[in-house]
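Secondary and tertiary structure notes
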Amino acid sequence: MNNIILTGFSGTGKTQVGRAVARLLGWEFLDTDEEVVRRAGKPIARIFAEEGEASFRALEGTVLQEACAGDRRVIATGGGAIMDPANQALMEARGLLVCLEARAETIHTRLGGPQRSPEEEVRPLLEGPERLERVQLLKGRRQAAYARAHWTVHTDRLPLEEVAQEVVRAWQYLSGRGPGEPVPFAGDADLAAVVETSSRPYPVLVGWDLLSRIGEILGKAPIADPVYLVSDSRVFEHYGRPVQQALQEAEIPCHTFVFPAGETSKSLELASSLYGWLAERRAQRGHTLLALGGGVVTDLVGFVAATYNRGMHLVHLPTSLTAMVDAAIGGKTAVNLPQAKNLVGAFYQPRLVVADVATLKTLPQRELLEGWAEAIKHALILDADLFHTFEEGTELLLALAPEPTTQVIRRSVAIKAHVVSQDERETTGYRTLLNYGHTIGHALEAGTGYGRFLHGEAVAVGMVGAAHIGQRLGVTPPEVVERQDALLRRFQLPVRCPGVDLGTVEEAMALDKKALGPSLRWVLLESLGHAVVRADVPASLAHEVLAELAR
Ligand SMILES: NC(=O)c1ccc[n+]([C@@H]2O[C@H](COP(=O)([O-])OP(=O)(O)OC[C@H]3O[C@@H](n4cnc5c(N)ncnc54)[C@H](O)[C@@H]3O)[C@@H](O)[C@H]2O)c1
Ligand SMILES: [Zn+2]
């Protein structure tokens, strides 16, 4: 039961449900129809028209085989894939085979409405008049194959999210994970992702106004009393009292420590003060540290949690966009030394992350925008569909409209969670994908003395640089370069760095290179949502592109 494979007729929601299931489990999502379209370079209807159904089925078979070769994947398959006996055997062997079922009338209605899913492309078999009859006929022919699934979920009356939860429950039940070891917060509407780690999985909740319910949420976690709430002065001013009050209402005893806001607090000195404070209160290993704030708070408190008493429980309550989509997920904790940032630290995973998106309303505008750069980066490297959502919803996101903003942050969080789940300690190379835009970005920050660019701003310029490098290597299509550029501009992020001293920036890049080993690895985009790592970018090309950005 290493994968979950979804089958079922068009219009049963395989793509959307699959995406949601992957998010709930922290797994990778693959859609064979999407992959076929990508490889063929044309929509399914055109493959059918120009090359015939047999050619489509052959490519579908290859794609399915490759998809099933991996582990911990949710794979949405085309409605007809299971009709091939070889495919059927493969699907049964390589995972939990779940059929999404719906009545012909429901499918007819669903396919009639506006649809953007790749399912739409499969309609060549359903085109023409009397579609209901055609659905009934084709579905009837396939029914015996669908009946081979290990589990069937009837989707007629269920919202997508509930179908996804039903699939997760089936997996828990049939894979023997059973009720003894449930996915934490499975079924919670705010659950954005579960991060799989070597120690234990942890849930990431993303929702609107969650801090006011934090006592109740911690009660469900559950965590042991008392809790040690740590925050910085600016965040505490806004959210300290409400959090304390919510804890009090849930009868969770709480000690509070507030330190001055700012990057300089991410120091060994402050860590040391925190150790002393915890020792005076006789904090124990089973007690919980609550990190309420931006990346500075999550990094510092994470580091203290990792080291005090050889490890206390840790819950992150990120309040900046950077902390929500990046710092709070993945277990990297650190403090700065005068010699370099983040030089002392540890991998240490929290037990729970609760991101209250409503807190972004008080985050200064520039910090908000730089956070969007990292969130957009996640879409660029792994999720073309999320990139479209960014393009379509820019205005609503910039205005922090609760529903779309929460949704988009949930999806961006799920991507980071997925990458971390695949490569917890940066050993397999998969986590490298997150460094898209960071080769130039880091050098820009360091080369300008950390004074001119916020991290996300430097990454935005870095992504533009990587895209231009990719284009000139023939890796990145020009259309991708343009759309990335346009979206970053709409999020008011810098896409150039006029006037920076090239020498200093390149020196910083060389230092980075030394730290990373013999070859500088560049993350480049092959298409929207598909990143690759390349070690063969000539230094002269990087120089050329940097020089253009600095003009
Ligand atoms: N561990 C990781 O994987 C990782 C990833 C990215 C960044 N980081 C680290 O995170 C730090 C940057 O994160 P950051 O930008 O959140 O910095 P930060 O924590 O300093 O927050 C920026 C400023 O915004 C304030 N603030 C935060 N949330 C607020 C809110 N809701 N309302 C009003 N003010 C608010 C803070 O008090 C601070 O003044 C860096 O130290 C970086 O190294 C770590
Ligand atoms: Zn970053």
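Predicted, not measured: the structure shown is a model, and the values here were computed from it.

Right, let's get into the overall build of the protein chain. Of regular secondary structure, the protein chain possesses 21 helices and 16 strands. Since a compact globule built from 551 residues should have a radius of gyration of about 24 Å, the 24 Å found for the protein chain is in line with a globular shape. Reported as C-alpha extents along the three principal axes, the dimensions of the protein chain are approximately 70 × 60 × 40 Å. The contacts of the protein chain with a sequence gap of at least 6 include a subset with a gap of at least 24, amounting to 76%.

Time to look at the packing of helix H1 (residues 14-25) against helix H8 (residues 160-174). A pair of packed helices is characterised by two quantities: the angle between their axes and the separation of those axes. Running from N to C, H1 and H8 point in directions that differ by 55°, and their axes come no closer than 9 Å. In terms of their interaxial angle, H1 and H8 are classed as oblique. Judged by the twist between their axes, the crossing of H1 over H8 is right-handed. Taken together, the residues of H8 that come into contact with H1 (itself represented by Gln16, Val17, Ala20, Val21, Leu24 and Leu25) are Leu160, Glu161, Val163, Ala164, Val167 and Val168. Here the contact of H1 with H8 is built from residues that sort into ten nonpolar, one polar and one charged.

This part takes up the sheet that holds strand E6 (residues 191-195). Overall, mixed pairing links the seven strands, which are arranged E6-E7-E14-E11-E10-E8-E9 in an open sheet. Strands with a single pairing partner mark the edges of an open sheet, and in this sheet they are E6 and strand E9 (254-259). Neighbour-to-neighbour, the strand axes of the sheet open up by a mean angle of 15°, direction not taken into account. Of the pairings in the sheet, the one linking strand E8 (residues 227-232) to strand E10 (residues 288-293) comprises five bridges and is parallel in character. Within the sheet, the bridge partner assigned to Tyr228 lies in E10 and is Leu289. Packed on one face of the sheet, helix H10 (residues 233-249) meets E8, E9 and E10 and runs near 155° to E8. On the sheet, helix H16 (residues 402-422) packs against E6, strand E7 (202-207) and strand E14 (352-356) and is oriented at approximately 5° with respect to E6.

This brings us to the sheet that holds strand E2 (residues 28-31). Strand order across the open sheet formed by five strands is E2-E3-E1-E4-E5, with parallel pairing between neighbours. Pairing within the sheet leaves two strands with one partner each, and these edge strands are E2 and strand E5 (151-154). Across the sheet, the mean angle separating the axes of adjacent strands is 20° when strand polarity is ignored.

Our next topic: the domain arrangement of the protein chain. Annotation of the protein chain at the domain level lists domain 1 (4-174), domain 2 (191-363) and domain 3 (430-550). The C-alpha-based centres of domain 1 and domain 3 are spaced at 38 Å.

With that settled, consider the environment of Glu237. Looking at the secondary structure, you find Glu237 in helix H10. Put simply, Glu237 and Val258 are 21 residues apart on the chain and 9.8 Å apart in space, counted from C-alpha to C-alpha.

Our next topic: the confidence of the model for the protein chain. Overall, the predicted model of the protein chain reaches an average pLDDT of 91, with 94% of residues at or above 70. For the stretch residues 114-122, pLDDT sits under 50, and the model shows 21 contacts to residues farther than four places along the chain or on other chains.

This paragraph deals with the nonpolar core. Counting residues in each nonpolar core, the largest one holds 161 residues, and the members touching the most others are Val21, Leu205 and Val413. Those residues in contact with Val413 that sit more than four places away from it in its chain are Ala192, Ala193, Val204, Val206, Met324, Val325 and Ile329.

This part takes up the site of ligand 1. In the neighbourhood of ligand 1, 26 residues make up the surrounding shell, with Arg234, Gly294, Gly295, Val296 and Ser320 lying closest. Only H10, helix H12 (295-307) and helix H13 (321-327) provide two or more residues apiece to the shell around ligand 1. Its residues assigned to classes, the shell around ligand 1 comprises seven nonpolar, eleven polar and eight charged.

Right, let's get into the environment of Leu360. Along the chain, the position of Leu360 falls in the loop between E14 and helix H14 (365-382). C-alpha separation for the pair Leu360 and Thr319, spaced 41 residues apart in sequence, amounts to 6.6 Å. Setting aside anything within four residues of it in sequence, one finds Leu360 in contact with Leu321, Leu368 and Leu400.

A separate point is helix H21 (residues 539-550). For H21, spanning twelve residues, the distance from its first C-alpha to its last is 16 Å, which sits close to the expected 16 Å at 1.5 Å a residue. Along H21, the positions that sit buried rather than exposed are Ala542, Val545, Leu546 and Leu549. Projection of H21 onto a plane perpendicular to its axis shows the buried side chains occupying an angular sector of 100°, all on one side. Seen from the open side of H21, the exposed residues pointing more than 90 degrees away from its buried face are Ser540, Ala547 and Glu548.

Judged by which residues are buried, strand E3 (residues 73-76) turns out to be covered on both faces: Arg73 and Ile75 on one side and Val74 and Ala76 on the other are all buried. Pairing geometry for strand E1 (residues 4-8) and E3, over three bridges, is parallel. Across the sheet, the residue bridging to Ile5 is Ile75, located in E3. Judged from the four bridges that link them, E2 and E3 form a sheet pairing that is parallel. Residue Phe29 lies in a different strand from E3, and its bridge partner there is Val74.

Turning next to the pairing of strand E4 (residues 96-101). Each regular strand displays side chains that alternate between the two surfaces of the sheet. Within E4, six of the six residues are buried, leaving the element largely enclosed by the surrounding structure. Burial along E4 is two-sided: Leu96, Val98 and Leu100 facing one way and Leu97, Cys99 and Glu101 facing the other are all buried. Two strands pair when backbone bridges link them, and E1 and E4 are joined in this way by five bridges, in the parallel orientation. Note on E4: the bridge partner recorded for Gly8 is Leu100.

Our focus in this paragraph is unusual backbone geometry. Omega for the peptide link from Asp225 to Pro226 comes to -20°, which places this bond in the cis form. At Glu426, a residue that is not glycine, the phi angle is positive and equals roughly 60°. Within the element layout of this structure, Glu426 appears in the loop between H16 and helix H17 (438-447). Residue class for Glu426 comes out partly exposed when judged on the 15 C-beta atoms lying within 10 Å of it.

Parameters and conventions
Numbers given to residues run from 1 along each chain, matching the order in which its sequence is written. Think of it this way: whatever chain is written first is A, whatever ligand is written first is 1, and the rest follow in order. Owing to the predicted nature of the model, reporting of local features is limited to residues with pLDDT of at least 70; listing and counting of side-chain atom pairs is limited to 80 or more, with chain, interface and lining totals taken over all residues. Secondary structure follows DSSP: runs of H or I at least 4 residues long count as helices, runs of E at least 2 residues long count as strands, and numbering of each begins at the N terminus. Only C-alpha atoms enter the radius of gyration, while the globule expectation follows 2.2 Å times N to the 0.38, with N the number of residues. C-beta atoms are first placed from the backbone for all residues, and any pair lying within 7 Å is then listed as a contact. Where helices are involved, their axes are fitted lines through C-alpha atoms of the stretch in contact, as for all axes, and angles between N-to-C directions lie from 0 to 180°. Each angle gets one of four labels, with under 35 degrees taken as roughly parallel, over 145 as roughly antiparallel, 65 to 115 as roughly perpendicular, and the rest as oblique. Here a crossing is called left-handed whenever its near helix is offset anticlockwise from the far helix by less than a right angle, and right-handed whenever the offset is clockwise. Residues are grouped as follows: nonpolar covers Ala, Val, Leu, Ile, Met, Phe, Trp, Tyr, Cys and Pro; charged covers Asp, Glu, Lys and Arg; every other residue, Gly included, is treated as polar. Two strands make a pair as long as DSSP finds a minimum of two bridges between them. Domain segmentation is taken from an automatic or database assignment of domains. The predictor rates its confidence in each residue with pLDDT, a number between 0 and 100. Here a nonpolar core is just a set of buried residues of the types Ala, Val, Leu, Ile, Met, Phe, Trp, Tyr and Cys, joined wherever their C-beta atoms sit within 7 Å. Backbone-placed C-beta atoms define the burial measure: a residue is buried with 20 or more other C-beta atoms within 10 Å of its own, exposed with 12 or fewer, and partly exposed in between. Proximity of a residue to a molecule or strand is defined by its backbone-placed C-beta atom lying within 6 Å of that partner. To estimate the expected span of a helix, count its residues, drop one, and scale the result by 1.5 Å. Arc, as used here, means the arc of the directions from the helix axis to the C-beta atoms.

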